[in-house]
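Below are the chains, spelled out letter by letter.
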Amino acid sequence: MRFPFPQLILSLVVFALAMPAFGEVPTIDIPYQSFVLDNGLTVLVHEDRKVPMVAVNLWYHVGSKDEPPGRSGFAHLFEHLMFNGSENYRGEYLTALESVGATDVNGTTNEDRTNYFQNVPTSALDVVMWLESDRMGHLLGAISQDVLDEQRGVVQNEKRQFENQPYGLSYELITKACFPPGHPYSWTIIGSMEDLEAASLDDVKDWFRQRYGASNAVLVLAGDIDVATARQKAEAFFGDIPPGPPLARQEEWIARRTGSKRQEAQDRVAQSRLYRVWNIPGWGSADGDYLDLVSELMSQGKSSRLYKRLIYDDRSATEVQAYVDLREIAGLFTIEVTVAPGKDPAAVEQALDEELERLLVDGPTEAEVERARVRWLARFVRGAERIGGFGGKSDILAQCQVYRGDAACYRETLERVAEAGPEDLHGAFRRWLDDGDYNLLVNPFREGKAAEQGVDRSALPTPGAASEPSFPEIERMTLKNGLEVVFAQRSAVPVVNLTLMLDAGAAADEAAAAGTSRLAMSMLDEGAGELDSIAISDRVAELGATLATFSDLDTGYVQMSALASNLAPSLELFASVVLDPTFPEDELNRLKELQKATIEREKTQPFSMALRVFPRLLYGEQHAYGKPLSGTGTVASTEAVERQDLVQFHRTWFKPGSATLVVVGDTRLEALRPLLDKAFGRWPAGEAPSKEIARVERPPREAIYLIDRPGAIQSVILGGQVGPPKANPDEVAIEIVNSVLGGDFSSRLNLNLREDKNWSYGAFSFFLDARGQRPFIAAAPVQSDKTAESLQEARAELADLVGERPVSADEMSRVQTNRTLQLPGTWETSGEVSQALQEMVRFGLAPDYWQRYPEAVRSAELEGVQRVARQVIQPHRMVWVVVGDRSAIEQPLRDLGIAEIELIDVDGRPVATAP
């Protein structure tokens, strides 16, 4: 029989519960109508006119079990974010709801779903429908990094607060112990601190796009409303929201265990507590419902088995409860016993074992089952009095629709509970609680006593006096053909490192196709004398050596690391590679294909994209430094290079009078001379032509260039201008300025964009060393929606550095200390000493440059550093290149009003703006 009035149902049930004998279970029904919008949103409508209120209950079928690895806590984090405002309502949702008289307002997340619910006066229904639909369809624009950081902090504090409660650690221990790694329930709802901290703005937004579409949601309207009104409002407010992508669903996975597992932990609690947990079927299953009734008869009421034995009779426990946690794909059955002070946990556990064994063998009595059934049904009925809130009618309908696809599935559970008998409960008990228990004992943590006094921890210890940095003694000689040799002895290992430096870097491409230098240097070890590429490689291996050939902006390099015992034959091979390259046609074609592939990769990688066009914007396309910084040139220029071009490059630039050989290792200069004379004596004397490194002027005003990278989740920002050559009298001051600005982790740029704003993984600046005017570059990869703000912050840091907030004495002192204390470590190996010597040679630094360097750093004066900063960095003349999703970042960049935004392609060519 179906009763037309909910109040009548309740009065009959309450009357039945008051009877001394068990009566017939009343029929309970929640009539509803449903429809589905074109976008997939399911709407359920229950009409209940008892008060002029409507419950709006929105369930998303997304919980912690849907989180991918490394993203634990996202569902719960989003519950918080969705209360924090939407694109069209920039404010706290609770404030808006309070203003219209809403009650039963909340949002919750569990392993399987996230819900938002509130009861509002019928007159305010449109307000709530607008708010709920706005955060479903128009949320992402309101989630800024500040909002994310704020709510992440709230969640982390919630996690800390929960874990700070007595026995708070048990939840995570039980979760990890009862579900295997990879199981969707093997992590907690609130997630790990590490995953929460790692959550980026893009991660969060992608999570929303995947899971919070209309087709993954159920909206229940219950109360003072009819289906026609509900349909009209649902269409109006929710109809234009995208459905969202298709989703995968995890089927039942109970993760049943065998045997008995034990774990002990300590916590700051007053009493020991025992947890015993079994894996059982999930929500909606017959055995799950039967075990729910088993938990009732175990611990609810003074006559329940565990309460009577442990608390009433033995008085060995102060609390006991049994309960089920029935989730969508699996469940847990848990018994908690809090041991009384002074009582032995082992004795309590033995009593628990005895009661469980008795129930296992004999099963429950008819009276126990009846009491459990009535208590269960009474809770259901009391909950169903309410249209909203936890356990209210809208909640019941939503849960059934989300988990089972049938809003009326509660009827099956009601019928099952109403008809359950002792044999049903006993059978479920035997099937699931006879094996596979996990036992956790949480004991009070006993504070130990530490020594009364340890080291002074009020401040870091003061370091002792550092040893004076010492650079190895440098020796020099010149071979008859004019080849300069710079030598430093290091005998820690029997190895000799050789680096031939040639005036043949990418700047030499000014007279050839861009990329020629890189190809020519790369081809040296592809064939030399009578050896082909494979034979050279094999010979290097036979000698226990390494061989590398490459170029940078100014210089070409041939490097070999040789065993001291094999120095003579290694030098022979080394000299052949330098003097006798054959430039085989087939190897050239192979390397050209590799270089073209490298170029194509550079055109897809954000930093490489920017660095390819940056020199052209600073120096001009015809300048020696105006080519892509990688030295690869373009696809067309690479394709144009022929074998004869490489032969000519070698003939032009490989001259001993314009070369230097840097040698560092386990030998002596006098022993080295005859070996070098033999290896390089046949190299005819001569000098390479002078390269024209023209001087350029900085632009009169700032410029911003934008390279579109559709769909990019980050933007790369590069800003720069030309600076002084490496060889200049203010170099130490320049190094200090750059360290303060962006050269160190604790630099201003990094602390601002990474540590303070959390918009970037790292921001930095550097001077790319060169013989001529060198590029100064400040750079940062930033989240897309903070592109304009990040550029503005970078500009502000530059302006402050030369304006109101110049390098401070503390900053300068930090850099001076850091740079001088690092020197011994930077000169530790022979390879590092060789690098320092190469720098000295490349830029024509004084022979005693490194010997004087520590004192030059220590004696730098603050006023001089501030003066140099103003000379070297001119913020109003910076050239900015931004690589990112134009559709997302162009307008915010234009809104800055700094300069006109010029669109360029990956080759630096102008792109026409669409009309």
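Position numbers for residues start from 1 in each chain and track the written sequence from start to end. Selection of residues for local features in this predicted model requires a pLDDT of at least 70, selection of side-chain atom pairs for listing and counting requires 80 or more, and totals for whole chains, interfaces and linings are taken over all residues. Computation of side-chain values covers all heavy atoms of the structure but excludes hydrogens and water.

A.B. asks: Would you mind going over the environment of Phe-583 with me for this structure?
C.D. replies: In this description a helix means any DSSP run of H or I spanning at least four residues, a strand means any run of E spanning at least two, and both kinds are numbered starting from the N terminus. If you trace the backbone, Phe-583 turns up in the loop between α19 (567–579) and α20 (585–602). Expressed as a C-alpha distance, the spacing of Phe-583 and Ala-378, which sit 205 residues apart in the sequence, is 91 Å. Ignoring sequence-local partners within four residues, the contact set of Phe-583 consists of Ala-520, Met-523, Leu-524, Gly-527, Arg-643, Leu-646, Val-647 and His-650. It only takes one pair of heavy atoms within 4.5 Å for two residues to be counted as in contact.

A.B. asks: What exactly am I supposed to notice about the sheet that holds strand β6 (residues 217–223) here?
C.D. replies: Note: strands within a sheet are paired through backbone hydrogen bonds, in either parallel or antiparallel orientation. A pair of strands is treated as paired once DSSP finds two or more bridges between them. Strands sit in the order β1-β2-β6-β3-β5-β4 across an open sheet of six strands; the sheet is mixed. Strand pairing shows two members of the sheet lacking a second neighbour, β1 (33–36) and β4 (103–109), which therefore form its edges. When the angles between neighbouring strand axes are averaged without regard to direction, this sheet yields 15 degrees. As paired strands, β4 and strand β5 (residues 114–121) are joined by five bridges and run antiparallel to one another. Bridge pairing in β5 links Thr-108 to Asn-115. What counts as an axis is a line fitted to C-alpha atoms, over the stretch in contact for a helix, and the angles between N-to-C directions run from 0 to 180 degrees. Sheet strands in contact with helix α4 (residues 125–137) are β3 (53–60), β5 and β6, and its direction is about 160 degrees off that of β5. Across the sheet, helix α14 (residues 393–404) is in contact with β2 (42–47), β3, β5 and β6; its angle to β3 comes to roughly 25 degrees.

A.B. asks: Is there a simple way to explain the pattern of salt bridges in this structure?
C.D. replies: A side chain with one charge can pair with a side chain of the opposite charge if their charged atoms come near. Salt-bridge detection follows one rule: a side-chain nitrogen of Lys or Arg within 4 Å of a carboxyl oxygen of Asp or Glu. On inspection of all chains with the given rule, the structure shows 67 salt bridges. The shortest N-O distance in the salt bridge between Arg-590 and Glu-587 comes to 2.7 Å. Residue Arg-590 and its partner Glu-587 are located together in helix α20, separated by three residues, close to a single helical turn. By relative accessible area, which is 37% here, Arg-590 ends up partly exposed. Two residues, Asp-744 and Arg-814, come together in a salt bridge whose shortest N-O distance is 3.4 Å. Exposure is judged per residue with a 1.4 Å probe applied to protein chains only, and the accessible area is read against the type maximum: over 50% gives exposed, under 20% gives buried, and values in between give partly exposed.

A.B. asks: Even after reading the chapter, I still don't get the environment of Gly-363, so can you show me in this structure?
C.D. replies: Take Gly-363: it is sitting in the loop between α12 (345–362) and α13 (366–383). Separated by 69 residues in sequence, Gly-363 and Val-294 place their C-alpha atoms 9.9 Å apart. In this view, Gly-363 contacts Arg-305, Arg-358 and His-426; residues no more than four positions away in its chain are not counted.

A.B. asks: What should I look at first to understand the pairing of β6 in this one?
C.D. replies: Walk down a regular strand and you will see the side chains alternate between the two sheet faces. Most of β6 sits out of view: seven of its seven residues are buried. Of the strand pairs in this sheet, β2 and β6 are connected by six bridges, and their pairing is parallel. Among the inter-strand pairings, Glu-47 is bridged to a residue of β6, identified as Gly-223.

A.B. asks: Would you explain the packing of aromatic side chains in this entry?
C.D. replies: The description of an aromatic ring pair uses the distance of the two centres, along with the angle that the planes make with each other. Under the pairing criterion, centres of Phe, Tyr and Trp rings, with the six-membered ring standing for Trp, must be within 6.5 Å; the plane angle then separates stacked pairs below 30 degrees from edge-to-face pairs above 60, leaving the rest tilted. One pass over the structure, following the stated rule, counts 28 aromatic pairs. Ring centres of Phe-471 and Trp-827 lie 4.9 Å apart, and the angle between their planes is 80 degrees; this geometry places the pair in the edge-to-face category. Taken as a pair, Phe-471 in the loop between β11 (438–444) and β12 (475–478) and Trp-827 in the loop between α28 (809–826) and α29 (830–842) lie far apart in primary sequence, 356 residues in all. Taken as a pair, Phe-471 and Trp-827 share a single burial class, namely buried. Seen in terms of ring centroids, Tyr-849 and Tyr-853 are 5.9 Å apart; in terms of plane orientation they differ by 40 degrees. Their pairing is tilted. Placement of both Tyr-849 and Tyr-853 in helix α30 (residues 849–858) is noted, with a separation of four residues, approximately one turn of the helix. Here Tyr-849 and Tyr-853 have matching classes, each one buried. These aromatic residues form a ring-pair network of at least three members: Tyr-60, Phe-78, Phe-83, Tyr-116, Phe-208 and Tyr-212. Both a distance and an angle decide whether a charge sits over a ring: NZ of Lys or CZ of Arg must be within 6 Å of the ring centre and within 35 degrees of the ring normal. Across the ring face of Trp-432, the terminal group of Arg-256 is positioned such that the distance to the ring centre comes to 4.3 Å. Taking NZ or CZ as reference, Lys-757 lies 5.9 Å from the ring centre of Trp-759, over its face.

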